[in-house]
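Tertiary structure, described
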Amino acid sequence: MQNHSKKSAPQIKIPPPSKVFLKRLSDWSSDQKINETVLSAWQNIEPLIDFITAGNFVAIKLTFGEEGASGYIKSAWLSGLIKHLKEKTENLFIAETNTLYREKRSNAVGHLQIASSHGYGLERTGIPVIIADGLLGRDGQNISIRGDHFETVKIARGICESDSMICISHVTGHMQSGFAGTLKNLGMGCASRQGKLLQHSGTLPEVTLEKCVGCGACMRVCPANAIGIKKKKAILVKERCIGCGECTVVCRSGAIDIKYDENVVKFQEKMVEYAMGVKKALNSRVVYLNFIEHVTKNCDCMSKDETPIAPDIGIALSSDPVAIDKASMDLVGIEKFKEAFPEIDPLTQIKHAEKIKLGIGQYELLEI
Ligand code: SF4
Ligand code: SF4
């Protein structure tokens, strides 16, 4: 007897879109208005968050900006949110890690001074700043992730030991990832110094000696003392280079450059694998806020003010680090980032993040 039952069609699992909430704000001139908007946006999504409870160590991860920069997120904008969260847990703090390049923020002493001068002193916010990878950025913890580039990643211990995190990022362009938002703040911003270096390796510049005129501009701008001039030619000390790309911008002879095609892809993929490590270390107890305002070509690590490349949009919030960055790219217009850095496709970070299941780029935008 023949079996006439139909063979069932293979099931294709379509992941649901992640929710991204958006509080629009076009006028960023009043700190008070911004502060109220941030708190109101937070209170809209708070019923969905169950991991900020009494006694928990809750890190607010953000960046204070380099000395001379002005685009960073101002403490006055967060005062209402901080006051509100302090009522939930007395162990609330601001977390940041040291930079790889040798400016003031490369050690905890200088870093705390910048934090204070940019409005993030204890007397101003009422909560302490913890430099989560220690005095010199050496305090990291290995987190196993099994990515394409890394089996384990090195995340700042202070981040790993937190119970949960609120990751607050300023959306900008970036000379190596094309776009900097949540994934960059997580991946690069929560790594120990060694972890940062491992992400940057592979994005080092090369000097074409025939083109080099020995002017020394690259040497003067290098934050890592990685360039010397010998016999009127620039010499790169690869062990010191952090791949920031500053030298490539100032060279008028086109003698020093990064091979972007291959390296910027790898850099973004590595950064995203580090972001995965942070999410894993915190057992997904993280919520993300993107400030989509004063969107500049470069990130706040540049010690200068820059003209925005796009209009201000508002504040995005999500529990999915991939969806919030994809939504932020779309809201600004991805072409703005591609115009700023034509050789970099910022969608690489979204695609790789989806591949390693850090989150999903498909999102539902809900205006609040
Ligand atoms: S990329 Fe250039 S400026 Fe940056 S650390 Fe390396 S050599 Fe110095
Ligand atoms: S800026 Fe360019 S030309 Fe001048 S020393 Fe550096 S590599 Fe050579």
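Just above, that's the structure.
All of these numbers come straight from a predicted model, not from anything done at the bench. (Residues numbered from 1 in each chain as written. Chains lettered and ligands numbered in written order. Predicted model: local features only at pLDDT ≥ 70, side-chain atom pairs only at ≥ 80, totals over all residues.)

**Some thoughts on helix H13 (residues 347-355)**
When we look at burial in H13, the residues that qualify are Thr348, Gln349, Ile350, His352 and Ala353. Once H13 finishes, Lys357 follows within two positions and takes phi at roughly 65°, a positive value. (Buried ≥ 20, exposed ≤ 12 C-beta atoms within 10 Å, placed from the backbone. Helix = DSSP H or I, 4+ residues; strand = E, 2+ residues; numbered from the N terminus.)

**What about the pairing of strand S11 (residues 227-230)?**
Two elements, S11 and strand S12 (residues 233-236), share 4 bridges in a ladder whose sense is antiparallel. Within S12, the position partnered with Ile229 by the bridge is Ala234. From the end of S11 to the start of S12, which pair antiparallel, there are 2 residues, and Lys231 there has a positive phi angle of about 50°. (Pairing = 2+ DSSP bridges.)

**A few points about the site of ligand 2**
Within the structure, ligand 2 sits among 14 residues, and Cys212, Cys215, Cys218, Cys251 and Ala255 are positioned closest to it. Class assignment of the residues belonging to the shell around ligand 2 gives a composition of 11 nonpolar, 3 polar and no charged. (Near = placed C-beta within 6 Å. Nonpolar A, V, L, I, M, F, W, Y, C, P; charged D, E, K, R; others polar.)

**Some points on the site of ligand 1**
Around ligand 1 sit 13 residues, and of these Cys222, Cys241, Cys244, Glu246 and Cys247 come closest. Looking at the shell around ligand 1 residue by residue, the class counts come to 10 nonpolar, 2 polar and 1 charged.

**Considerations on the sheet that holds strand S4 (residues 129-131)**
One open sheet accounts for 8 strands, arranged S4-S3-S2-S7-S14-S15-S1-S16; its pairing is mixed. Looking at the sheet topology across the chains shown, the edges are occupied by S4 and strand S16 (363-367). Taken pair by pair, the neighbouring strands of this sheet meet at an average axis angle of 25°, ignoring direction. One ladder, built from 3 bridges, connects strand S3 (residues 92-96) with S4; its direction is parallel. Bridging from a neighbouring strand, Ile94 pairs with Val129 of S4. The strands touched by helix H11 (residues 321-332) within the sheet are strand S1 (18-24), strand S14 (286-292), strand S15 (314-318) and S16, with S14 carrying the most contacts at an inclination of about 10°. (Axes fitted to C-alpha atoms, helices over the stretch in contact; angles between N-to-C directions. Contact = placed C-beta atoms within 7 Å.)

**Some remarks on the packing of helix H1 (residues 31-45) against helix H2 (residues 79-86)**
Packing of H1 against H2 leaves a shortest axis separation of 7 Å and a crossing angle of 40°. As summarised for this structure, H1 and H2 are arranged oblique, according to the angle between their axes. Contacts from Asn35, Glu36, Val38, Leu39 and Trp42 in H1 reach Ser79, Gly80, Leu81 and His84 in H2. A per-class count over the contact of H1 with H2 returns 4 nonpolar, 4 polar and 1 charged. (Parallel < 35°, antiparallel > 145°, perpendicular 65-115°, else oblique.)

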